[in-house]
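Working through the structure, step by step
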2 protein chains.
Amino acid sequence: MGLVRSLHHPAAETLELTGVLHALADPVRLEIVRELAAGGGCERRCNAFSLPVTKSTRTHHFRVLRESGVIEQRAEGTAVVNRLRRDELDARFPGLLDSVLGAG
Amino acid sequence: MGLVRSLHHPAAETLELTGVLHALADPVRLEIVRELAAGGGCERRCNAFSLPVTKSTRTHHFRVLRESGVIEQRAEGTAVVNRLRRDELDARFPGLLDSVLGAG
DNA sequence: CCGAAAGTACGACGATCATCGTACCAAACT
DNA sequence: AGTTTGGTACGATGATCGTCGTACTTTCGG
């Protein structure tokens, strides 16, 4: 078994609104998305986030974000780099990500 | 005890993003919001929604929407009329509601 | 080769959630 | 007064969720 079991990413057209909303409705995951967006489309390793949870929980949250289609994950050595799927998200739910990120 | 115990509505400035997102991240509640928005700001009684759940569950969902600040509820006789808090929502989270409603 | 680094897998725990049924209540109508 | 109407209150139940610890795996650097 590899570093990640399946690492499945949903296609852009099949993203579900409730799934995305649920993924964003958690403080830890919202922080991940914010930090990812602050980087301006650049990638970031799971380790490079300041989150008040343990490694296991971290893995859990990244998986929820990936399976809902918010982020893309790619293995790189022992690390996993994350990328915000901004374009796909914007295409499917125009304005949603911007409004969420813009909210104080 | 009146028709509704407290009927508390959060102030527009205290609305929490995660709370609103969580409220919208449910199919039944999303349908309520959609039907409410389709009316163009008009009010609607709890009874006047086509939802695949019982009365108790309906009450529960309307409460979640109210306590998160998405809707306003007002007693009118035996009925409760609901109104989408569009202006307050737009002021606090610009574009959020529109993007959610615009999503297919 | 050995150990450190970065995650994942798995199982567990308590908390929250969506749903329901039954009982209840208040207002309106007869 | 009785009945209907529209909704709430109060559990209860099963599912999902967020969190963690421990064990494991894989890759990379000495």
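Figured I'd write up the structure that's included with this text. What you are looking at is a predicted structure, and each value in this text was computed from that prediction instead of being measured.

A few words on the packing of helix α2 (residues 27–38) of chain A against helix α3 (residues 55–68) of chain A. Residue and element names in this part refer to chain A. The interhelical angle for the contact between α2 and α3, taken along N-to-C directions, is 70 degrees, at an axis separation of 10 Å. By the angle between their axes, α2 is roughly perpendicular relative to α3. Considering how the two elements wind past one another, α2 and α3 form a crossing that is right-handed. Contacts from Val28, Arg29, Ile32 and Val33 of α2 reach α3 at His60, His61, Phe62, Val64 and Leu65. Each residue belonging to the contact of α2 with α3 can be placed in one class, and the counts come to 6 nonpolar, 2 polar and 1 charged.

Next up on the list: the pattern of salt bridges. Residue and element names in this part refer to chain B. In this structure the tally under the stated criterion is 14 salt bridges over all chains. The shortest N-O distance in the salt bridge between glutamate 43 and arginine 74 comes to 2.4 Å. Of this pair, glutamate 43 sits in the loop between α2 (27–38) and β1 (44–45) while arginine 74 is found in strand β2 (residues 71–76), placing the two residues 31 residues apart along the sequence. Under the relative-accessibility criterion, glutamate 43 is labelled partly exposed at 38%. Residue class for arginine 74 comes out partly exposed when judged on its relative accessible area of 30%.

A word on α2 of chain B. Residue and element names in this part refer to chain B. The first and last C-alpha atoms of α2 sit 16 Å apart over 12 residues, in line with the 16 Å expected at 1.5 Å per residue. Along α2, the positions that sit buried rather than exposed are Val28, Arg29, Leu30, Ile32, Val33, Glu35, Leu36 and Ala37. The opening residue of α2, the one whose side-chain oxygen lies 2.9 Å from the backbone nitrogen of valine 28, is aspartate 26. Where α2 ends, the next residue or the one after it, glycine 40, has phi of about 65 degrees, a positive value.

This next bit is on the environment of valine 33 of chain A. Residue and element names in this part refer to chain A. One can find valine 33 in helix α2. A sequence separation of 11 residues divides valine 33 from arginine 44, and the C-alpha atoms of the two residues are 11 Å apart. Ignoring any residue separated from it by four or fewer positions in sequence, one finds valine 33 in contact with Leu24, Leu65, Val70, Leu84, Leu97 and Leu101.

Okay, the interface of chain B and chain A next. Contacts between chain B and chain A engage 17 residues on the former and 17 residues on the latter. When residues of chain B are sorted by the area they lose upon contact with chain A, Leu17, Thr18 and Leu21 of chain B head the list and together hold 34% of the total. At the junction of chain B with chain A, the criterion picks out 0 salt bridges. Inspection of the region where chain B meets chain A yields 0 residue pairs in polar contact (both at pLDDT 80 or more). At the level of elements, α1 (17–24), α2 and α5 (96–102) of chain B are the ones that each hand at least two residues to the side of chain B that touches chain A. With 5 residues, α1 of chain B is the largest single contributor of residues to the side of chain B that touches chain A. When its residues are assigned to classes, the side of chain B that touches chain A shows 11 nonpolar, 4 polar and 2 charged.

Moving on to the sheet that holds strand β1 (residues 44–45) of chain A. Whenever strands of a sheet pair, they do so through backbone hydrogen bonds, lying parallel or antiparallel. Residue and element names in this part refer to chain A. Here 3 strands make up an open sheet; going across it, the order is β1-β3-β2 and the pairing antiparallel. Both outer strands of the open sheet, β1 and β2 (71–76), are each paired with one neighbouring strand and no more. Pairing geometry for β2 and strand β3 (residues 79–84), over 6 bridges, is antiparallel. Residue pairing in the sheet places alanine 75 in a bridge with valine 80 of β3. In the packing of α2 onto the sheet, contacts are made with β1, β2 and β3, and the angle to β3 comes to roughly 80 degrees.

Here is what the cut-offs are and how they apply
The residue numbering used here restarts from 1 in each chain and proceeds along that chain's sequence as written. Going through the entries in the order they are written, you letter the chains from A and number the ligands from 1. Where local features are concerned, this predicted model is filtered to residues with pLDDT of at least 70; where side-chain atom pairs are given and counted, the filter is 80 or more; whole-chain, interface and lining totals use all residues. Derived side-chain values reflect all non-hydrogen atoms in the structure, with water molecules and hydrogen atoms excluded from consideration. Each axis is a line fitted through C-alpha atoms, taken for helices only over the stretch in contact, and angles between the N-to-C directions span 0 to 180 degrees. By definition, any uninterrupted DSSP run of H or I lasting at least four residues is a helix, any uninterrupted run of E lasting at least two residues is a strand, and each is numbered from the N terminus. Orientation labels follow simple angle bins: below 35 degrees gives roughly parallel, above 145 gives roughly antiparallel, 65 to 115 gives roughly perpendicular, and whatever is left gives oblique. Crossing chirality is assigned from the near helix's rotation relative to the far helix, an anticlockwise turn below a right angle marking it left-handed and a clockwise turn marking it right-handed. By the convention used here, residues are in contact when the closest approach between their heavy atoms is within 4.5 Å. Classification convention: Asp, Glu, Lys, Arg as charged; Ala, Val, Leu, Ile, Met, Phe, Trp, Tyr, Cys, Pro as nonpolar; all other residues, Gly among them, as polar. For salt bridges, the criterion is a side-chain nitrogen of Lys or Arg within 4 Å of an Asp or Glu carboxyl oxygen. Residue exposure (1.4 Å probe, protein chains only): buried if accessible area is under 20% of the type maximum, exposed if over 50%, otherwise partly exposed. How far a helix is expected to stretch is found by multiplying one less than its residue total by 1.5 Å. Whenever a nitrogen or oxygen atom comes within 3.5 Å of another N or O atom, the pair is scored as a polar contact, on the condition that within protein one atom can donate a hydrogen and the other can accept it, and that pairs from neighbouring residues in sequence are kept only if both atoms are in side chains. Two parts placed together each lose some accessible area under a 1.4 Å probe, and the buried area is that loss summed for both. Strand pairing is assigned whenever DSSP detects at least two bridges linking the two strands.

Function cannot be read off these values alone, since they describe shape.
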